[in-house]
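Residue-level structural notes
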Amino acid sequence: MSADDACFVAKKLMMKCRDKGYPAPSTMLLNSVFNNSNLAAGRITPDQFITFQSTFLQVLNSVTGGTNKNPLGQLAMNAFEKMKSNTWNCSSLPAMIKTMRGSSNLSVCYVEAFMAPLSWATLTSQSGNCNSNDYDTLLLASRSVLLDVPSARTQLPAKVESQNMGKMMNMLKEMYDTMTEDQRTEVFNWAKEQILQNNFSCTLKKTSNSKSKMLDICKPTLKWLNVDGLNMIGPYISSLPLNDLDSASKDTLCDYFSSAKLKSSLSKATRISPSLAKKFLQNVQQCYTPKDFPNQIDNLGPLACFYKAASNLTPDLSKKLLTQLDSCDGSTTEKLKKDIISSMLSGPISAQALRDLGQHVTSLTPKQLSDLPKDNLKDALQNLGSSVEWSRSQLRSLAKNQLGSKKCGNVTTEDVMALQSVAAGLPSCALKNIKARELLADSEALTNITKQMEKRQLKAMLQGLVRNMTVSELLQKLSGPLLRSVSLSNLDKANISRLDEVQNKTWSLSQAAYLAKKMHDARKLEYRRLNSILRGITCKMIAEVNNTNMLDVAQAMTENPEWLSKAQAGCAAQKLFMSLEQERKDYFKNISEQKLAAIPTLLLIYLPPGKVKDLPDSVCQVFLDKMEAANLSSLPLQAPSRRALSNRALLCLTIGKNMSDLTSADVLRLGPLVCEVDPSELTLMAPDVITFSLQALASCQYIPPSHRANLIQLVTEMFGGPSNWTADTVELLGPLLLLNDTIVSALPNEPWLKDVLVFLRSRLTHISDAFKKKLFKVSTNPSTTNSTTSSPARKRRAADSNSYSNATEPTETLIVQLGQDNVYWTAAQLEMMSNSTFLATVEYLGSVTGYTAEQLAVLRKKAIQAFGPVAQMAGSAVLQLGCITQGFSNSELEQLQLPLDVLDDIAQCGWNYSQLSSVWKSVSKYNNLTAALLEAPDMVGLNRFICGLNSTEFSQLSLNAFRDAVGSMSGLQCPSEVLQQLKTLAVSAFGSVTSWTEAQVSEFDNIMAGLDAKEMSSLDSSVFSFFSQTCIPQVPPQVFSALSVAQLEALGPDNAVMVTSEQRAALTAEQRAALNVAAAGTVGQDEPQTQPAGAGAPALSVEGIYAFVKPALFLLIGILLL
């Protein structure tokens, strides 16, 4: 670690002490640390310790703003040069650290912050001069560096002596959860090199430093992975390359497995690739006979996900295997779990049997849950607690099991409280009788009860609660989803006047907008206390902030980044940059590290490209530290600053060197900006760094479209054609597969591909249709599912196969595994399905959306065969069928027995308008409802089926009920004429469109698409960023074209990217330019606008400054070297 780095880190850590409100250390405390008599025996003279203390004060004063009594110019500047020929002193620092630790004074935080980077620098530069106790002291003191400085995690010592290696790895194991996958790979490679040098006197480095030139290159066949090495690596074993597993002898691996240490290490790892897990499993199975291996099930851990269980496992072994399956992808092990559970429950079902199932009781079907003994199930539910997730049909079965045939009016508050989270299975009518004070007195019970409830249930519960107390009293007690279900109409009745009444609750967007306006109008808008209310802040409010206060406001806003939209962040950044430029001309050309560090990273990434380019080299350390941990997902994909930030970061990394000199550690310093690097720049790097960079790019959520073709070309140059890729190559490149559908389709149809694709699926934010089809193909193709090995001929047939016709008929196992991908069965294949398979899997098939008319016709036929004519189908059968009911004719739909409470289950099935009307007729008939009788919970429960009402029925709806319900009717997908009817209703309930506020626009959600051109153009610009994203595509093009330039710019990035090609085509050139500005998040920027693309990634804020104390640190390092 250089002097620059050490000083930078010290300041960063000191700023954390300052932000916690800790006072600066007193002279007495400093004297006890720096001038303690225990140090007199060391090699540093008293004068040198005075200088040491003086250096500390200069670093401290630069952070706290104190008076610097020792100007930097008076310090000798040549001390740093001594570091080139001397080792770091390893005796004085530990003595000072031990003295410091004797104090309980909070101010010691600053001294610890100062010592931490010096301790790490000492450790990373030592060649074994520290004794064991001193090494331990330095290691503990440097811990905060690894926790708070991501780049330090890969700036590891070139050499660690064997007696200290275990200690170093123990600390790195503590950091495992904070690291990215790429950082973990770097740590593994470093640890492997240390083990090879220390234990086998050889190296993998072809070009070694002077200290390792005497070492030979390690032989590929070296069995380096012994028990000590495995113990040392711990969870980093998940980064083990496949061929390295052969470096462990059979005896070593058998001992490691049988002692449960392998299970422990793999269980601590966040993920393990299928190819590595399978090879581990294959190797450890060789330690036992096939008969004896099942007795080792307890030691499998994550390997159990790939264990092909014998059918004759004992009940005890079955139970043990079941507990090992918790961490597995559900789609691959769901059938195995069901089989194990069936065997465990084959006899009389006792309370103990259910307790043994634990959370796997959720694998029981609704019918199985209904049939369980009531008391035994109650006991199991109490043991499970509220953390278990149930399906809607399971919840209904559980509630019915516990309450029997109780009618709604007979369900008591005590019943609901006894059910806890299972209360989400109750019909809405049973929740209207809740006694407010009893339930609200137990906040934990209320949280559990409402945790899995749907919007209609929450609205019904609120309807009951508000009868017994005022809204103001109620709001003080409510939290979570129940609080967010309170309508604006009721919120207005609470007469909120103080921020402290509402600041510590989590509000919906519409509620936050209402409260932000209320506080703003009352001049009580304190940004640091807003919390979730920050969501409701408008760009107009931000623009009103005084320039002198803007930096403080910006810092306050970014303390809660989860509540900031891209539109708000862009407005805050633009206002902040303007205020800084007014403070000093060319502010960013001459910015200091301290000033740059003060700008929140969340807003800095919005800096216009010209200003990014102008940043001086002197701020590179701070800039890179911020960018390494920036959250680019909060920056629009079309923001021009993405490319500018990436270019500036590369320039910072290449100061004094070429692109070919960059290392893997340098690439890690780019953080999410690696996603923006042009492939042509990657080709300038060393081959091993290119490979590492491609692996880092596989973690990107988004790659600029202009980069994709060249990136795919680079991938194929480095790894060959996709048809020849191995499992570990596919695992390595991961999400890069999504850049090209041809590559996905060309992957070899080998048996391993299914598990690898399932593994990758869990890491993806977007899954292409080509990916889903490939996974379906390898899951259902007999050549990849019926064997673990393939002959060359079979491999060729599999690779050449492009159809799904050679798949067997849909089986229960396949249907359970495929989930939503069951949509890819052809109608002919579905026709092959047996009646018993259909009955066993109907709920899985019924949950699938996107069926074609041909598929639905087959499934309708299967449904009638299984359950009888539609008119005679029981309600329970209709619930199981789910989206399959789309295949029924309109007249058949009108005959269904559909309770109002189940409509949420089928609302997303993709109904057409005439079907919506038929379902509404069925619901109204079965539930004895008319439009005039609909209460707020009913309107919410209808979901999109409210679109099926006719114009007469809309006019009959209760305005009071609509006012209460509309905020919970989000996501409606209705024809334009129906949205216009709902808009008319909203005008009747809330007044003229011209008076609608940001809160109301948010609350009305997709109903806003029912406005006509005149009404839409009459809205204030500030409301447009509060439109819902799902609403934008539903606005008719002729209405959308009525928006002004200011209104289009005010849409914000997230809404602008939802504009359809038809809507864009209706705009003028000037309007399209305004839309581009909105999409890029560059409203108010003077620079010319382009349309680049960007990438997304992870998050953390960074602070730090160091420039004007560099000379002090140079001298300090010189002192340590004496």
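All values reported here derive from a predicted model rather than from experimental measurement.

This next bit is on the overall build of the protein chain. Tallying secondary structure elements over the protein chain gives 65 helices and two strands in all. The 1122 residues of the protein chain split such that 55% are buried. Entry remark: accessible area of the protein chain is about 45,600 Å², with carbon and sulfur atoms responsible for 50%.

Here the focus is the pattern of salt bridges. Summed over all chains, the structure comprises 43 salt bridges. Notably, a salt bridge pairs R669 with E628, separated by 3.7 Å at the nearest N-O pair. Linking R669 in helix α36 (residues 664-669) with E628 in helix α34 (residues 620-628), this pair joins segments that are 41 residues apart in sequence. We classify E628 as buried; its relative accessible area is 11%. Each of R392, E454, R456, D901 and D904 takes part in a single network of salt bridges with overlapping partners.

What follows concerns the packing of helix α9 (residues 181-200) against helix α38 (residues 687-697). Between α9 and α38, the shortest axis-to-axis distance is 9 Å and the interhelical angle comes to 145 degrees. Contacts between α9 and α38 involve D182, T185 and E186 from the first element and F692, Q695 and A696 from the second. Here the contact of α9 with α38 is composed, by residue class, of two nonpolar, two polar and two charged.

Compared with an ideal rise of 1.5 Å per residue, which puts 15 residues at 21 Å, helix α39 (residues 705-719) spans 21 Å between its outermost C-alpha atoms and is within 8% of the ideal. When α39 is considered as a whole, its buried residues turn out to be H707, L711, I712, L714 and V715. At its buried positions, α39 is contacted by α35 (641-653), α37 (679-682), α38, α40 (727-733) and α41 (741-746). Positive backbone phi, at 85 degrees, marks G720, one or two positions downstream of α39.

Now for the nonpolar core. Counting residues in hydrophobic clusters, the biggest one holds 255 residues, and the most contacted among them are L172, F280, L426, M461, L478 and Y527. Excluding residues that lie within four positions of it along the chain, M461 makes contacts with L431, I434, L439, L446, I449, T450, M453 and L482. If you look at the next biggest cluster of nonpolar residues, it comprises 94 residues, including F838, C883, L893 and L898.

Moving on to the state of the cysteines. Here the structure, examined in full by the defined rule, presents ten disulfides. Linked covalently through their sulfurs, C620 and C652 form a disulfide whose S-S length is 2.1 Å. In this structure the cystine formed by C620 and C652 twists about its S-S bond by roughly -75 degrees; its chirality is therefore left-handed. With C620 in helix α34 and C652 in helix α35, this pair connects stretches of sequence that are 32 residues apart. For the pair C620 and C652, one class covers both residues: buried. With a sulfur-sulfur separation of 1.7 Å, C947 is cross-linked through a disulfide to C974. Between C947 and C974, the S-S torsion sits near -50 degrees, and that sign places the bridge as left-handed. On the criterion of sequence distance, the pair formed by C947 in the loop between α54 (936-942) and α55 (951-956) and C974 in the loop between α56 (959-965) and α57 (976-990) is long-range, its members being 27 residues apart. Neither residue differs from the other here; C947 and C974 are each classed as buried.

This part is about the packing of aromatic side chains. The full count for this structure, using the stated rule, is 15 aromatic pairs. Relative to Y288, the ring of F257 lies with its centre 6.2 Å away and its plane at 65 degrees, an arrangement referred to as edge-to-face. Of this pair, F257 sits in helix α11 (residues 250-258) while Y288 sits in the loop between α13 (274-285) and α14 (315-324), placing them 31 residues apart in sequence. Since its relative accessible area comes to 0%, F257 is described here as buried. Judged by relative accessible area, which is 22%, Y288 ranks as partly exposed. Aromatic ring contacts, followed pair by pair, group F257, Y288, F293 and Y307 into a single cluster. The ring of Y702 carries the charged tip of R708 above its face, separated from the ring centre by 5.1 Å.

Glancing now at unusual backbone geometry. The phi dihedral of R523 is positive, around 60 degrees, even though this residue is not glycine. Positioned with a positive phi, D1005 is a non-glycine residue whose angle comes to about 55 degrees. One can find D1005 in the loop between α58 (998-1004) and α59 (1013-1017).

Time to look at the environment of T365. Considering the arrangement of structural elements, one finds T365 in the loop between α16 (351-357) and α17 (366-371). T365 sits 28 residues away from S393 along the chain, and the two C-alpha atoms are 8.7 Å apart.

The topology assignment puts N376 in helix α18 (residues 374-384). With relative accessibility at 18%, the residue N376 sits in the buried group. Only 2.9 Å separates the side chain of N376 from the backbone oxygen of I349, close enough to count as a polar contact. Apart from the residues within four sequence positions on either side, N376 is in contact with I349, S350, A351 and L354.

Parts of the model with low pLDDT should not have their predicted coordinates read in detail. In the predicted model, the protein chain carries a mean pLDDT of 86, and 89% of its residues have values of at least 70. Under a pLDDT of 50 for its full length, residues 787-806 has, in the predicted model, 26 contacts with residues more than four places off or in other chains.

The buried fraction of α34 is high, at nine of nine residues. What α34 keeps buried is the set C620, Q621, V622, F623, L624, D625, K626, M627 and E628.

Mapped onto the secondary structure, Q872 falls in the loop between α49 (853-867) and α50 (875-881). Measuring from C-alpha to C-alpha, the distance between Q872 and Q897 comes to 9.1 Å, with 25 residues separating the pair along the chain.

Turning our attention to the environment of N950. Along the chain, the position of N950 falls in the loop between α54 and α55. Of the residues examined, N950 reaches a relative accessible area of 39% and is grouped as partly exposed. Through-space distance from the C-alpha of N950 to that of V978 is 8.3 Å; in sequence the pair is 28 residues apart.

Definitions and cut-offs
Numbers given for residues are sequential positions, taken from 1 along each chain in its written order. Note on the predicted model: pLDDT of at least 70 is required for a residue's local features to be given, and 80 or more for side-chain atom pairs to be given and counted; whole-chain, interface and lining totals, by contrast, use all residues. To get the side-chain values, all heavy atoms of the structure are used, and hydrogens and water are removed first. Going along the chain from the N terminus, every DSSP run of H or I of four or more residues is numbered as a helix, and every run of E of two or more is numbered as a strand. For every residue, the accessible area (1.4 Å probe, protein chains only) is compared with the maximum for its type, and the residue is labelled buried under 20%, exposed over 50%, or partly exposed between those bounds. Here the open area of atoms and residues is found with the Shrake-Rupley method and a 1.4 Å probe, where only the protein chains shown may cover a residue. Definition used for salt bridges: Asp or Glu carboxyl oxygen within 4 Å of a side-chain nitrogen of Lys or Arg. Axis angles are defined between N-to-C directions and span 0 to 180 degrees, where every axis is a line fitted to C-alpha atoms and, for a helix, only to the segment in contact. Contacts: residue pairs with any heavy atoms within 4.5 Å of one another. Under the convention adopted here, Pro, Cys and the residues Ala, Val, Leu, Ile, Met, Phe, Trp and Tyr are nonpolar, Asp, Glu, Lys and Arg are charged, and Gly plus all remaining residues are polar. By this rule the span expected of a helix is its residue count minus one, scaled by 1.5 Å. Among buried residues, those of type Ala, Val, Leu, Ile, Met, Phe, Trp, Tyr and Cys that are joined through side-chain atoms within 4.5 Å constitute a nonpolar core. Disulfide: a pair of cysteine sulfur atoms within 2.5 Å of each other. Planes of paired rings set the category: under 30 degrees apart is stacked, over 60 is edge-to-face and the rest tilted, where pairs are Phe, Tyr or Trp rings (Trp by its six-membered ring) whose centres lie within 6.5 Å. Put simply, a charge is over a ring when the Lys NZ or the Arg CZ is close to the ring centre, within 6 Å, and near the line of the ring normal, within 35 degrees. Distance and chemistry together define a polar contact, namely a pair of N or O atoms within 3.5 Å, with one atom able to donate a hydrogen and the other to accept it when in protein, and with adjacent residues in sequence counting only for side-chain atoms on both sides. Per-residue confidence from the predictor is reported as pLDDT, which spans 0 to 100.

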